[in-house]
Amino acid sequence: DILRDEWGFKGVYVTDWGAAHSTVKSAIAGLDLEMGTNIENYDDWYFANPLIEAVKKGEIPESLVDEKVRNVLRVMIKTKILDPKKRFNQGSINTPEHQQAAYQAAAEAIVLLKNKEDLLPLDVSSVKSIAVIGDNATRKHSNGGLSSEIKALYEITPLEAIRTKLGDRVKVNYAQGYEKLSTFIEGSNNGQNAGSFTDGNQLNEELLKEAVETARNSDVAIVIGGLNHDYDTESSDRQYMELPYGQVQLIQEVVKANPRTIVVIVAGSPVNMAALDICAPSILWAWYNGMEGGNALVDAITGKVNPSGKMPFTTPVALEQSPDVALGNFPGRDLKVKYEEDILVGYRWYDTKQLPVVYPFGYGLSYTDFSFAGLSTDKKSYGPDETVKVTFTLTNTGKRDGAEVAQLYVSDPECSVMRPVKELKGFKKVFLKAGESKQAEIDIPISSLAFYSEAQKQFVVEPGTFILNLATSAHDIKADTSIEVR
């Protein structure tokens, strides 16, 4: 009813691989296409022979199957799959332009979390040797498979990039630092069961000793750690936020041996950063950054790229702060999980509960500085179908070219239902030369200020005063103004 009638959806309702668990119920609920088939037993899948038998028994009308066929054909026609002239047109794959786009995406994604005493960007001309430490310095993450692993034509690892870009000028000393002790095994039974996970957080004393000596005998140390696809994967939940394999102790000991240490986190989900934020002079978050990730990382470290990424999630001080654990809903009770945090999802929870965090949502530093001025709106009163045009001036007050992501959060101080303290409603990335100023605009439709009314069963914008907060993160508000909604 909601998908087809209320929203007017004309496409195909399709499962994830192995996600169908019934025939009649799924068919009546609207499923069009079951995915995740195994050729050996294709006829036994829910929408194969069992669907035919359900029609023969009268459990499903044939007209319902006709409707599903129409939905599939409609998409096939719309996407030209049935047109042989269109179907076999050759496109281009992995061209130099594509690779440059991959590099640019990786470069802009890197987040600078900490930069004590301006260790970054690294002045390579003053460095004779670099210690590169960590399993993720050499591990490739783009091998294909599961939902978090792309399949890249090639992948430049951080160590490869460091040796290629800097090896002719500095001596590169590598030490593994920690050992990958975990093992993830994908679910069996055609994906119907979750995967299994063998964990290990032990520290390898020999590798630790080697890493410390390597750091001590080098001018600068770069520790490249974090997670891997044993942890960031589908079919298995991480049970804790700690860095595995004894990495915290490794980083602490490396920093003692060499205070000029840069920590790089390769991960796709939050980890406990509290200890690292205390001990590490400089921290970069580098993600699973794809085929050009290593090149982008080295360019960010050396200053060819000025980091401009922002954290898309909050990094709490401890897992116990997160709503699922704080409310006792992880991993669930009797195989049921209740989302009792209601609308306080992500940063909304930490903001509204006024919880201290290590790095807030939207956080990210730069090698330059920015200032905001002149926050204004095109008028002060708006109707429900209008759009607020928010303008401001952003200035690069530092000595390096860079980019800042201006974020616009909106607060509804008086509302008939529970609302977060503020919600992100718009953002804009502005690139500026050193000393340059630009006027920027963020448009906020009044309709985006709506909340879903359970009583009225529709989205509602209540009239009243709304506060607009211009910020560089959820915790760093630079200016605010207010509007009235009629």
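Look up a bit, the structure's there.
Figured I'd write up the structure that's included with this text.

A tally of helices and strands in the protein yields 13 helices and 20 strands. By its C-alpha atoms, the protein is 80 × 65 × 55 Å across when sized along the principal axes. Of all 486 residues assigned to the protein, the portion counted as buried reaches 46%. Sequence-distant contacts in the protein: of pairs separated by 6 or more residues, those separated by 24 or more amount to 70%. As displayed, the protein offers around 25300 Å² of accessible surface, 51% of which is attributable to carbon and sulfur atoms. Within the protein, one finds 51 positive and 66 negative side-chain charges whose respective centroids are separated by 5 Å.

Turning our attention to the pairing of strand E8 (residues 282-285). Burial of E8 is two-sided: the residues Ser282 and Leu284 facing one way and the residues Ile283 and Trp285 facing the other way are all buried. Two strands pair when backbone bridges link them, and strand E1 (residues 111-115) and E8 are joined in this way by four bridges, in the antiparallel orientation. If you follow Leu112 over to E8, its bridge partner there is Leu284. The pairing of strand E7 (residues 261-266) with E8 spans four bridges and is parallel. By the bridge assignment, Ile265 is partnered in E8 with Trp285. Handedness of the β-α-β unit built from E7, helix H10 (residues 274-279) and E8 comes out right-handed.

Here the focus is the pattern of salt bridges. Between side chains of opposite charge, a pair can form when the charged atoms approach closely. All chains considered together, the criterion is met by 19 salt bridges. The closest approach of N and O atoms between Arg4 and Asp32, which form a salt bridge, is 2.6 Å. Of the two residues, Arg4 sits in helix H1 (residues 2-6) while Asp32 sits in the loop between helix H2 (24-29) and helix H3 (49-56), which places them 28 residues apart along the sequence. What makes Arg4 partly exposed here is its relative accessible area of 21%. Between Glu423 and Arg348 there is a salt bridge, and its shortest N-O distance comes to 3.1 Å. Remark: Arg348 occurs in helix H13 (residues 347-352) and Glu423 occurs in strand E15 (residues 423-432); sequence separation between them is 75 residues. Take Arg348: its relative accessible area is 21%, and that puts it in the partly exposed class.

In this section: the environment of Lys256. By the element assignment, Lys256 lies in helix H9 (residues 247-257). For Lys256, a relative accessible area of 63% corresponds to the exposed category. Residues Lys256 and Ile110 lie 146 residues apart in sequence; the distance between their C-alpha atoms is 26 Å.

Reading across the sheet, the three strands line up as E11-E13-E16 and stay open at both edges, with antiparallel pairing between neighbours. Only two strands of the sheet have a single partner each, and these edge strands are strand E11 (370-377) and strand E16 (437-445). Between one strand and the next, the sheet's axes are offset by a mean angle of 25°, whatever the strand orientation. In this sheet, E16 lies alongside strand E13 (residues 387-396) in antiparallel orientation, the contact comprising nine bridges. Bridging from a neighbouring strand, Leu394 pairs with Lys438 of E16.

With an omega of -5°, the peptide bond running from Leu120 to Pro121 counts as cis. Here Pro121 is to be found in the loop between E1 and strand E2 (129-133). One non-glycine residue, Asn94, adopts positive backbone phi at about 55°. Residue Asn94 is classed as partly exposed on the basis of its relative accessible area of 24%. Unlike most non-glycine residues, Lys457 shows phi in positive territory, near 55°. For Lys457, the position within the fold is in the loop between strand E17 (451-453) and strand E18 (458-460).

In any sheet, the strands associate via hydrogen bonds between backbone groups, in a parallel or an antiparallel arrangement. Read from one edge of the open sheet, six strands run E1-E8-E7-E6-E2-E3, paired in mixed fashion. This sheet does not close on itself; its edge strands, each paired only once, are E1 and strand E3 (171-175). With direction set aside, neighbouring strand axes in the sheet form an average angle of 20°. Examined bridge by bridge, E2 and E3 share five bridges and lie parallel to one another. Across the sheet, residue Ala131 finds its bridge partner in E3, namely Asn173. Contacts between helix H7 (residues 158-166) and the sheet are confined to E2, E3 and strand E6 (220-226), with E3 contributing the most and set at about 165° to the helix.

A separate point is a nonpolar patch on the surface. A cluster of nonpolar residues, Val69, Leu73, Ile77, Ile81 and Leu82, forms a patch on the protein surface that exposes about 430 Å² of accessible area. Under the relative-accessibility criterion, Leu73 is labelled partly exposed at 37%.

Turning to the nonpolar core, a few remarks are in order. Most often, soluble globular proteins have nonpolar side chains that are buried together. Core analysis: the largest hydrophobic core is formed by 37 residues, its most contacted members being Leu113, Ile133, Ile265, Met273, Leu276, Ile283 and Trp285. Those elements that provide at least two residues to this core are E1, E2, helix H8 (205-216), E6, H9, E7, E8 and strand E10 (357-359). Sorting elements by how many residues they give to this core places H9 first, with five residues. With residues near it in sequence (within four places) discarded, Trp285 still touches Ala109, Ile110, Val111, Leu113, Ile265, Ala267, Ser269, Pro270, Val271, Met273, Met311 and Phe313.

So, about the packing of H8 against H9. Any two packed helices are characterised by the angle at which their axes cross and by the distance between the axes. Two numbers describe how H8 lies on H9: the axes approach to 8 Å, and their chain directions differ by 30°. Of the possible angle classes, the one that applies to H8 and H9 is roughly parallel. Viewed along their axes, H8 and H9 form a crossing whose handedness is right-handed. Contacts between H8 and H9 involve Leu208, Ala211, Val212, Ala215 and Arg216 from the former and Gln249, Leu250, Glu253, Val254 and Ala257 from the latter. Residues belonging to the contact of H8 with H9 are distributed by class as follows: seven nonpolar, one polar and two charged.

Rules used in this analysis
- Residues numbered from 1 in each chain as written.
- Predicted model: local features only at pLDDT ≥ 70, side-chain atom pairs only at ≥ 80, totals over all residues.
- Heavy atoms only, no water.
- Helix = DSSP H or I, 4+ residues; strand = E, 2+ residues; numbered from the N terminus.
- Buried < 20%, exposed > 50% of the residue type's maximum accessible area, 1.4 Å probe, protein only.
- Contact = heavy atoms within 4.5 Å.
- Areas by Shrake-Rupley, 256 points an atom, 1.4 Å probe, with all protein chains shown as cover.
- Lys, Arg positive; Asp, Glu negative; His and termini not counted.
- Charge placed at Lys NZ, Arg CZ, Asp CG, Glu CD.
- Pairing = 2+ DSSP bridges.
- Right-handed = clockwise from strand over helix to strand, strands pointing away.
- Salt bridge = Lys/Arg side-chain N within 4 Å of Asp/Glu carboxyl O.
- Axes fitted to C-alpha atoms, helices over the stretch in contact; angles between N-to-C directions.
- Patch = residues over 30% accessible without salt bridge, like charges linked within 9 Å, V, L, I, M, F, W, Y side chains within 5 Å.
- Core = buried A, V, L, I, M, F, W, Y, C linked by side-chain atoms within 4.5 Å.
- Parallel < 35°, antiparallel > 145°, perpendicular 65-115°, else oblique.
- Left-handed = near helix turned anticlockwise from the far one by under 90°.
- Nonpolar A, V, L, I, M, F, W, Y, C, P; charged D, E, K, R; others polar.

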